[in-house]
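Coordinates in review
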Amino acid sequence: MCGIIGIASNKAVSSNIINSLKKLEYRGYDSAGLATLNKNEIDEKKCSGRVDQLEKMLFKNPSNGSIGIGHVRWATHGIPNVTNAHPHSTEIVSVVHNGIIENSDNLKKKLESKGIKFKSQTDTEVITLLITEQLKERQPLESVCNTLKQLKGSFALGIIFKNFKDIIIGARRGSPLAVGYSNNENYLGSDSYALKSMTNKISYLDDGDLCVLSKDKVEFYDLNKNKINKKIHILTNDQNVANKGDYKNFMSKEIFEQATTAKNCINEYTDSLKKDINIYNFPILPSNIKKITLIGCGTAYHSCLVARYWFEELTTIDVEIDIASEFRYRKLKFDTNNLYIFVSQSGETADTAAALDICNKNNMKTCSVVNSVESTIARNSNWVLPIHAGPEIGVASTKAFLGQMIVLFILCLKLAKVRKDIDHSTFKMNLSNLEKLPEAIEKSLKVENSIQLMAKEFLDAKGSMFLGRGLSFPIALEGALKLKELSYLHAEGYPAGEMKHGPLALIEEGLPVIVIAPKDKYFEKTLSNMQEVIARGGKILFITDHKKELINENIRFGIRMPSIGNLLSPIVLTIPLQLLAYHVALLKDCDIDKPRNLAKSVTVE
Ligand code: M6R
């Protein structure tokens, strides 16, 4: 899950490559590099660390070529250092790669047996060396096709050649790749977002496609060098530009714009005059839907977990949820009356995209809940429900999680209504609660000062636990995930009722335990589970929407949240947990928008 870019132009390309790489840093940020054809030589510049470093290198030592490729890396094979950074070049060819070559060890052995030496520990270098070998006797396109036929695994590639100075070759299998068109300039990029500032005309490569682009022409081929045609998409103007405004970082901006995110999303899907939900054209007749399977990764998976409780509560549809990386390898029984829903902010997550492919191959009806409507997952599903959250830049997902939950709730409510699983007054009450949600979110954000105080309790902690039951269980998981990824502190999310089956052994004097207990059918039970933790010395941080006075000497901190009804409580209760993770990370001086070892879009398996 790296980002790649290629530009063929009639002027120097390095500064546009740098600008695009900055947009692609959400895919990886442990090293960066570019190569241009400068004075008939491959001019490669790379560094470990961020694109800013690479930019500084270019200030001192410019790269003036009018054709070039660039890369931001999220290390898979080999530590993140300069040698392993991309591009990987020989004297005659230079390659950037996103993906994983699964048979690289075998290919490497074969090349080494011919006396060929490797410089890096990457899987990518085999591609460079195989193409170099092929080029001794063949033209570039044939050399690349022959090389690709030897590769197992996934890739999106950008390749330039010393002796064919007008062209960049791109290729895709498994990892996304887009082509952009402009006057006297054409582009290759991991996504359209990286190309948006240069063009709004985009084509997407499908698996097995190659492209050959020069400054005034783009041609597409299959692996057997047959020409193919591609549709050109005109991108819409995104008003919600990725810009931090007055915020310290993107994450705080994204947390604090959640009331607006909710409002936009609800407005898109509801008709306030008719008091109805604007969702039509279901891919399966609602009354025929027997089962819904919800699939996602990480935070997106947590939104599926929340939705499971909603579908169970409001509909008579059977619900199953799965983590995409597990789903894709399970021995599944497909049924045409099942609806498969794929949840993904980026729409590019490799495991989720692969799970979707499996369903498509089995002729299942698929729906995606995505933020990026131009993404692979959106394009490959039968039905798309966008979350309308605008670009989410912080690696830790916040407003997209909220948007995913809202769309899934709206879908569930509409299905419940049209299937007549609920009566009209239940529909009306839930819709009215939904309309009140943006205001409740606005109020929830006001707890920030109390959360800042709570955050200090985590500085010397060995770890922490997040507990909840029912709809608050997935929120506990999400709270723990946010804390882990942002502050690098160990955190566990657990259903509160499960503590006595093992995790209670972890409780010791002063361990922070966050108890999420809305006023629902589990409330008293959660309080009992909390007592078991108190009895063993756990330091309780209590989050509730219950009006009752609960704070006592056993509870270190209590946060009271606005009440929005049982079903929507997870959306409101997520907010203090996002703020908590944010403030702990801030106190620990962590990189909020780009936590270590992670990337925003996980495009490798
Ligand atoms: O783009 P996606 O929603 O498919 O991404 C899925 C996960 O990689 C993502 O939610 C990840 O867990 C976040 N970093 C969590 O904050």
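Being a predicted model, the structure only gives us computed values, none of them experimental.

**Concerning the sheet that holds strand β25 (residues 512-516)**
By way of backbone hydrogen bonds, the strands of a sheet pair with one another, either parallel or antiparallel. One open sheet accounts for 5 strands, arranged β24-β23-β25-β26-β27; its pairing is parallel. At either margin of the open sheet sits one strand with a lone partner, and together these are β24 (491-495) and β27 (555-560). Geometrically, the sheet is characterised by an average inter-axis angle of 20° between neighbouring strands, direction not taken into account. For strand β23 (residues 464-468) and β25, the ladder comprises 3 bridges, and the chain directions are parallel. Bridging across to β25, M465 finds its partner in V513. Along the sheet, helix α16 (residues 472-487) contacts β23, β24 and β25; its crossing angle with β24, the most-contacted strand, is approximately 175°.

**Things to note about the nonpolar core**
One broad rule of soluble globular proteins: the nonpolar side chains tend to lie buried together. Membership of the largest hydrophobic core comes to 97 residues, with the highest contact counts inside it found for L294, W310, I341 and I406. Per-element tally for this core: the top contributor is helix α13 (residues 399-418), with 14 residues. Viewed by domain, this core spans two of them, domain 2 (250-422) and domain 3 (446-587), each represented by three or more residues. The next biggest cluster of nonpolar side chains, apart from the first, holds 28 residues, and it includes L111, L129, A171 and V212.

**Structural notes on the packing of aromatic side chains**
Centre-to-centre distance and the angle between the planes together describe a pair of aromatic rings. Applying the stated criterion across every chain, the model contains 6 aromatic pairs. Centre to centre, the rings of F161 and F164 are 6.4 Å apart; their planes meet at 90°, and the pair counts as edge-to-face. With a relative accessible area of 27%, F164 lands in the partly exposed category. Among the aromatic side chains, those forming a connected cluster through ring pairs are F327, F334 and Y340. The ring centre of Y204 lies 3.6 Å from the NZ or CZ of R379, which sits over that ring. Across the ring face of Y488, the terminal group of R596 is positioned such that the distance to the ring centre comes to 3.9 Å.

**A word on the pattern of salt bridges**
In total, this model carries 35 salt bridges according to the counting rule given. When the shortest N-O distance is used, the salt bridge between D276 and K417 registers 3.2 Å. In this pair, D276 sits in strand β17 (residues 276-277) while K417 sits in helix α13, placing the two residues 141 residues apart along the sequence. You can call D276 buried: its relative accessible area is 16%.

**Some points on the side chain of S192**
Examined against the element boundaries, S192 turns out to sit in helix α6 (residues 192-195). In this structure S192 comes out as buried when scored by relative accessible area, which is 6%. Beyond its immediate stretch of four places on either side in the chain, S192 contacts A178, I202, Y204, L235 and E374.

**Here we look at empty space enclosed by the protein**
Where empty space is left in the structure can be found by rolling a water-sized probe over the atoms. Inspection of the entire model under this criterion finds 2 cavities of 30 Å³ or more. Grouping the constituent residues of the lining of the largest cavity by class yields 3 nonpolar, 8 polar and 2 charged.

**Some points on the site of the ligand**
Contacts to the ligand come from 14 residues, most closely from S344, Q345, S346, T349 and E485. Q345 is positioned such that a nitrogen or oxygen atom in its backbone is 2.6 Å from an oxygen atom of the ligand. Relative to its free-state accessible area of 410 Å², the ligand is covered by the protein chains to the extent of 91%. For the shell around the ligand, the element with the highest residue contribution is helix α9 (residues 298-314), accounting for 3 residues.

**What about the pairing of strand β9 (residues 178-182)?**
For β9, the tally of buried residues reaches 4 of 5 residues, placing the bulk of the element in the interior. Bridging between β9 and strand β10 (residues 185-189) involves 5 bridges; their strand directions are antiparallel. Within β10, the position partnered with V179 by the bridge is L188. In this antiparallel pair of consecutive strands, β9 and β10, the connection spans 2 residues, and N184 shows a positive phi of 55°. The pairing of β9 with strand β11 (residues 201-204) spans 3 bridges and is classified as antiparallel. Looking at the pairing, V179 lines up with S203 of β11.

So, how was this worked out
- Residues numbered from 1 in each chain as written.
- Predicted model: local features only at pLDDT ≥ 70, side-chain atom pairs only at ≥ 80, totals over all residues.
- Heavy atoms only, no water.
- Pairing = 2+ DSSP bridges.
- Helix = DSSP H or I, 4+ residues; strand = E, 2+ residues; numbered from the N terminus.
- Axes fitted to C-alpha atoms, helices over the stretch in contact; angles between N-to-C directions.
- Contact = heavy atoms within 4.5 Å.
- Core = buried A, V, L, I, M, F, W, Y, C linked by side-chain atoms within 4.5 Å.
- Buried < 20%, exposed > 50% of the residue type's maximum accessible area, 1.4 Å probe, protein only.
- Domains from an automatic or database assignment.
- Phe/Tyr/Trp six-rings, centres within 6.5 Å; stacked < 30°, edge-to-face > 60°.
- Lys NZ or Arg CZ within 6 Å of the ring centre and 35° of its normal.
- Salt bridge = Lys/Arg side-chain N within 4 Å of Asp/Glu carboxyl O.
- 1 Å grid on protein atoms, 1.4 Å probe; cavity = no way out; pocket = protein on both sides within 12 Å on 5 of 7 lines; lining within 4 Å.
- Points joined across faces, edges and corners; volume = space filled by probe spheres on them.
- Nonpolar A, V, L, I, M, F, W, Y, C, P; charged D, E, K, R; others polar.
- Near = heavy atom within 4 Å.
- Polar contact = N/O pair within 3.5 Å; in protein donor to acceptor, adjacent residues only side chain to side chain.
- Areas by Shrake-Rupley, 256 points an atom, 1.4 Å probe, with all protein chains shown as cover.

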